[in-house]
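Overview (structure and organization)
Chain by chain, the residues:
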Amino acid sequence: MSIRSFSSYIPESWNKIGPIKILIPGGMTLPFSIDALNLTIPKSKANEKIKLLDVGAGIGVLSFYASSNYPNSEIMATDISKCMIDSLNYSIEGNQLKNVTAKVMDGQSMPELESESFDYCFSMFGLIYFPDRLASLKEMNRLLKSNNQSKVSIGSWQSDAFLPMVLERTYEKVTGLKLSTKQPALSLDDKELFKSELEQAGFNNIEIHSIGHPLELPTESLSNYLRPENPVVDDFYKLIGDDNINKFKETFNNLVLELFPKNENGFHTVQWNCYIGIGEKL
């Protein structure tokens, strides 16, 4: 499979997830989004009139949290998936958020947005699925103000993050092969590559933070991770072929039970680890 054939690199694939009507977006990306905001925006600016751009926002986990914690901010959330933006707009309308706007845009090129108009740009686990990450990073650089204070903040999964790690190990057990191409979810799991791409986009004073958060899962929830509508999972289903999907699911579940046995509360404690890369525009 060529790198451009992965489902999660294809914009239309993210519409297959279907409408998600959640009033308060959350989930396992929330603690990392909070980390990114805290690492990127000084506490002294929490009540200032700052402009935030959330690229590849998905259902808006970061934007939703930022809307109340930076009450005087103006937030623009973008995603190439109409499905994701519809879901975020459902949350915006349901909670009567006044400082968040959500629009369908390609994060690799956003000519609708004015140059040097944002104080902070974020992409939490969105940029990693862009076919041209560098184009998007350069676009974020264009959109940030030249005031020696504006910053970009990017979230990327590490190679031992729960789902990407177990999916890859499951593939290896089912096929007896190693992946010949890095899966998109781990496209920036190398700190040096991460730093290099930020530098190539024109950012300075780059910091790559390593952060982890545990998550407790009930056994019955494991099947939720293997829905074919999720492009990250569909990447592997396409690699192994339809005849092996049931074997893949069984192997995945057994591997989770082996690697993460139940704790005293009857849950599986899994670990999600990520890098948060931050760069300044001077």
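It should be noted that the structure appears before, not after, this text.
Overview of the structure.

Conventions we followed
- Residues numbered from 1 in each chain as written.
- Predicted model: local features only at pLDDT ≥ 70, side-chain atom pairs only at ≥ 80, totals over all residues.
- Heavy atoms only, no water.
- Pairing = 2+ DSSP bridges.
- Helix = DSSP H or I, 4+ residues; strand = E, 2+ residues; numbered from the N terminus.
- Axes fitted to C-alpha atoms, helices over the stretch in contact; angles between N-to-C directions.
- Contact = heavy atoms within 4.5 Å.
- Salt bridge = Lys/Arg side-chain N within 4 Å of Asp/Glu carboxyl O.
- Buried < 20%, exposed > 50% of the residue type's maximum accessible area, 1.4 Å probe, protein only.

1. A few points about the sheet that holds strand β5 (residues 151-157)
Spatially, β3-β2-β1-β4-β5-β7-β6 is the arrangement adopted by the seven strands of the open sheet, whose pairing is mixed. Each edge of the open sheet carries a strand with a single partner, namely β3 (100-104) and β6 (204-217). Strand-to-strand twist of the sheet, defined as the mean angle between neighbouring strand axes without regard to direction, takes the value 20°. Here β6 runs beside strand β7 (residues 268-280); their pairing, made up of 12 bridges, is antiparallel. Looking across to β7, one finds that Leu217 is bridged to His268. The strands touched by helix α6 (residues 191-200) are β5, β6 and β7; relative to β6, the strand with the most contacts, the crossing angle is about 135°.

2. Let's talk about the pattern of salt bridges
Applying the stated rule across the entire model yields 10 salt bridges. Here Glu48 and Lys45 are joined by a salt bridge, their closest N and O atoms 3.5 Å apart. The partly exposed category is assigned to Glu48, whose relative accessible area is 36%. In the salt-bridge network here, residues are joined through shared partners; they are Lys16, Asp234 and Lys238.

Read these as spatial facts, not as claims about activity.
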